[in-house]
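These are the residues of each chain, in order.
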Amino acid sequence: MPRSKVPSAGAVVCVGEALVVLTPSQDVPLADAETFTRTVGGAELNVALTLGRLGVDVAWVSRLGDDGFADHVRALATAAGIDVSAVAGDPARPTGLYVKAPGTAADGSRRSRMHYYRSGSAASALSPADLDDPAVTAVLDRAAVVHVSGITPGLSDSAAQFCSALAARVHATGTTLSVDLNHRPVLWRDRDDTPLRDLAAAADELLLGADEARAVFGTDDPARLRALFPRARRILLKQEEHGVLVLEPGAPDRHVPALSVEVVEPVGAGDAFAAGYLAARQRDVAVDDAVAFGHRCAAAALVVRADRPLDVPPL
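Visitor: Got a minute to help me understand the sheet that holds strand S2 (residues 19-24) in this structure?
Guide: Two orientations exist for strands paired in a sheet by backbone hydrogen bonds: parallel and antiparallel. Sheet architecture is open: four strands sit in the order S3-S2-S7-S8, paired in mixed fashion. Strands at the two margins of the open sheet, each flanked by one partner only, are strand S3 (36-41) and strand S8 (113-117). Each adjacent strand pair in this sheet contributes to an overall mean axis angle of 25°, direction not counted. Its contacts with the sheet place helix H2 (residues 68-79) against S2, S3 and strand S7 (96-101), and it is angled at close to 60° to S3.

This is how it looks when you write it as structure tokens:
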């Protein structure tokens with residue numbers, strides 16, 4: 001159950017695709033699976049669900065198909081305290097899904113492999129026209145923070161245009177734009193990744209992994225990243241199990257160490273970190289302490305197979 005809402009100056013609005021997740025009910029290779037467990041995933045929805053459980057005023061902007069999977073996603077989000085009034089239904093396109101195949105790596109990491117079936121999904125049809133929807137306008141008008149990831153512009157050319165228009169609208173209203181880079185190479189295969197770069201450049205709060213920074217921007221050097229993103233009030237450079245380097249203009253770099261846990265699966269840990277950080281900042285928690293709380297939420301995700309923490313820590 002979501003915690004009681006804590007009064008704040010505005011909502012956190014998460015924007016992006018939801019996917020239904022099918023996982024073999026038994027811990028067997030996909031080829032041997034006969035029954036599957038249905039859950040829900042998607043980076044921005046994962047963030048929204050955890051924010052809701054942390055008692056944050058949160059809304060979600062997206063598109064879903066006109067199908068039973070969409071009904072399940074809406075019900076789950078609503079139960080978590082998320083405002084879904086700006087989630088449009090699309091009778092012509094399905095809700096996206098992915099299948100999580102249990103890992104069988106020889107090194108014992110057991111990291112799952114994801115098989116995505118999202119091409120032509122309802123969310124891939126996001127376009128600048130969605131911003132004219134009165135329900136979307138109403139949600140964005142009460143936002144203190146808008147959070148989106150680099151997955152959203154990767155869904156399609158129209159979704160990339162949507163993200164550009166969204167960033168412009170957020171900037172015009174003085175709302176904070178939070179961007180988690182979430183670089184997914186497969187989404188940019190044979191495509192120009194300029195929309196991903198532009199979204200990162202538009203961020204007021206930019207979250208990215210050091211490995212992603214090297215892959216997309218050719219560097220994870222703090223000084224070079226500061227120069228690449230002059231708009232950012234803050235860059236959180238995630239250094240895997242070592243922690244996060246906080247980069248702020250006019251302030252020394254600060255390292256906030258991660259917690260040491262026995263990792264079951266890393267999927268969803270970044271989303272949990274983002275949710276914890278944003279939740280703490282909504283409560284006016286100091287930046288470094290907010291990063292530390294993000295680590296606690298990420299740790300809670302790392303120790304389970306699910307895409308989100310089963311139990312959120314107290315804030």
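Structure's up, so let's keep going.
Visitor: Hey, could you run me through the nonpolar core in this one?
Guide: One broad rule of soluble globular proteins: the nonpolar side chains tend to lie buried together. In this structure, Leu45, Leu51, Trp60, Val73, Ile82, Leu236 and Val291 are the most contacted members of the largest nonpolar core, which totals 48 residues. Residue assignment for this core shows that the elements contributing at least two residues are strand S1 (11-15), helix H1 (43-53), strand S4 (58-65), H2, S7, strand S13 (243-247), helix H9 (269-282) and helix H10 (287-302). Considering each element in turn, this core owes the most residues, nine residues, to H9. In this structure Leu45 touches Ala18, Val40, Trp60, Val73, Ala77 and Ile82, once residues within four positions along its chain are discounted. If you look at the next biggest cluster of nonpolar residues, it comprises 46 residues, including Ala123, Leu126, Phe162 and Leu196.

Visitor: How should I be thinking about H1 in this particular structure?
Guide: The periodicity of an α-helix, 3.6 residues per turn, causes residues three or four places apart in sequence to face the same way. The element H1 is extensively covered by neighbouring structure, given that ten of its eleven residues are classed as buried. Listed as buried for H1 are Ala43, Glu44, Leu45, Asn46, Val47, Ala48, Leu49, Thr50, Leu51 and Gly52. Where H1 terminates, the next one or two residues include Gly55, which has phi positive at roughly 85°.

Visitor: Just checking my understanding: could you explain the packing of aromatic side chains for this structure?
Guide: Between two aromatic rings, the relevant description is the distance of the centres plus the angle of the planes. Taken as a whole and judged by the stated rule, the model has three aromatic pairs. Seen from their ring centres, Tyr98 and Tyr116 are 4.9 Å apart, and the 45° between their planes marks the pair as tilted. Taken together, the positions of Tyr98 in strand S7 and Tyr116 in strand S8 put the pair 18 residues apart, joining distant regions of the chain.

Visitor: What is the right way to look at unusual backbone geometry in this model?
Guide: Excluding glycine, most residues fall at negative phi; most peptide bonds, likewise, are trans. One non-glycine residue, Asp190, adopts positive backbone phi at about 65°. Within the fold, Asp190 resides in the loop between strand S10 (176-180) and helix H6 (194-202). Despite not being glycine, Asp284 has its phi angle at roughly 65°, a positive value.

Visitor: Is there a simple way to think about the pairing of S1 in this case?
Guide: Looking along a regular strand, one sees the side chains alternate between the two faces of the sheet. Of all five residues making up S1, five are buried, and the element is well covered by its neighbours. Of the two faces of S1, the one holding Ala11, Val13 and Val15 and the one holding Val12 and Cys14 are both buried throughout. Taken together, the four bridges between S1 and S4 define a ladder with parallel strand orientation. What sits directly across from Val13, in S4, is Ala59.

Visitor: Would you take a moment to explain the pairing of strand S14 (residues 254-257) for this structure?
Guide: Inspection of the sheet shows S13 paired to S14 by four bridges, in the antiparallel sense. Across the sheet, the residue bridging to Val246 is Arg254, located in S14. Counted between consecutive antiparallel strands, the loop separating S13 from S14 contains six residues, among which Gly250 sits at a positive phi close to 75°.

Visitor: Hey, could you run me through the pattern of salt bridges in this one?
Guide: Pairs can form between side chains of opposite charge once their charged atoms are near each other. All chains considered together, the criterion is met by 18 salt bridges. The closest approach of N and O atoms between Asp83 and Arg142, which form a salt bridge, is 2.9 Å. You can see Asp83 sitting in strand S5 (residues 82-83) and its partner Arg142 sitting in the loop between helix H3 (134-141) and strand S9 (143-149), a full 59 residues away along the chain. Look at Arg142 and you get partly exposed, because its relative accessible area is 31%. Note that Arg93 is salt-bridged to Asp90, the shortest N-O span being 2.9 Å. Owing to a relative accessible area of 35%, Arg93 belongs among the partly exposed residues under this scheme.

Visitor: So what exactly am I meant to see when it comes to the packing of H9 against H10 here?
Guide: Angle between the axes and distance between the axes: these two values describe a pair of packed helices. Relative to each other, H9 and H10 sit at 145°, their axes nearing to 7 Å. H10 is crossed by H9, and the crossing has right-handed handedness. Listed contacts from H10 to Ala269, Ala272, Phe273, Gly276, Tyr277, Ala280 and Arg281 of H9 are Val287, Ala290, Val291, Phe293, Gly294, His295, Cys297, Ala298, Ala301 and Leu302. Residues belonging to the contact of H9 with H10 are distributed by class as follows: 13 nonpolar, three polar and one charged.

Scoring rules and cut-offs
- Residues numbered from 1 in each chain as written.
- Predicted model: local features only at pLDDT ≥ 70, side-chain atom pairs only at ≥ 80, totals over all residues.
- Heavy atoms only, no water.
- Pairing = 2+ DSSP bridges.
- Helix = DSSP H or I, 4+ residues; strand = E, 2+ residues; numbered from the N terminus.
- Axes fitted to C-alpha atoms, helices over the stretch in contact; angles between N-to-C directions.
- Contact = heavy atoms within 4.5 Å.
- Core = buried A, V, L, I, M, F, W, Y, C linked by side-chain atoms within 4.5 Å.
- Buried < 20%, exposed > 50% of the residue type's maximum accessible area, 1.4 Å probe, protein only.
- Phe/Tyr/Trp six-rings, centres within 6.5 Å; stacked < 30°, edge-to-face > 60°.
- Salt bridge = Lys/Arg side-chain N within 4 Å of Asp/Glu carboxyl O.
- Left-handed = near helix turned anticlockwise from the far one by under 90°.
- Nonpolar A, V, L, I, M, F, W, Y, C, P; charged D, E, K, R; others polar.

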